[in-house]
Amino acid sequence: MILLFSHKLCEEQIKYAKDEYNINKFVYLPKDLQYIWSNIDPDIENLHRVLEPIKEFLKTNISPSDFVLIQGDFGASFMMVNFVKDLIAIPVYATTKRIAKEFPLPIFRYHPS
């Protein structure tokens, strides 16, 4: 499984991938490509150009039916899912579950002296 991912997989994620998808090898991007993937500028005008080095890496390191776990910038993830499908590989999109608690705070009013 090639990882287009901004962080390292935790043990639970590794176990799930092994058990559910029979994954026996995890391939992280090289440092320079990882930096690109983890730091996509939301104001970028040409995302295709920014992603080109990552696409080249995938072309040379992927085989048909390989899994690619993709999570990151929405536009970049969308583009890479389509690119991976074109390579006859299997894109797997990761998401996270957000758990939050909201606590009302007292209202502070300004009282001039």
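Criteria and thresholds
- Residues numbered from 1 in each chain as written.
- Predicted model: local features only at pLDDT ≥ 70, side-chain atom pairs only at ≥ 80, totals over all residues.
- Heavy atoms only, no water.
- Salt bridge = Lys/Arg side-chain N within 4 Å of Asp/Glu carboxyl O.
- Helix = DSSP H or I, 4+ residues; strand = E, 2+ residues; numbered from the N terminus.
- Buried < 20%, exposed > 50% of the residue type's maximum accessible area, 1.4 Å probe, protein only.

Colleague: Account for the pattern of salt bridges, naming residues and giving values.
Modeller: Summed over the entire model, instances satisfying the criterion amount to two salt bridges. We note a salt bridge from K15 to D19, for which the minimum N-O separation is 2.5 Å. A residue pair is termed a helical-turn pair when its members lie 3 or 4 positions apart in one helix, as K15 and D19 do in helix α1 (residues 11–21) at four residues. On the accessibility criterion, K15 (51% relative accessible area) is exposed. Across the pair E56 and K59 runs a salt bridge whose closest N-O atoms are separated by 2.9 Å. Within this pair, E56 and its partner K59 are both found in helix α3 (residues 47–61), separated by three residues, close to a single helical turn.

Colleague: Can you explain the side chain of S77? Please cite residues and give values.
Modeller: With respect to the helices and strands, S77 occurs in helix α4 (residues 74–86). The buried category is assigned to S77, whose relative accessible area is 4%.

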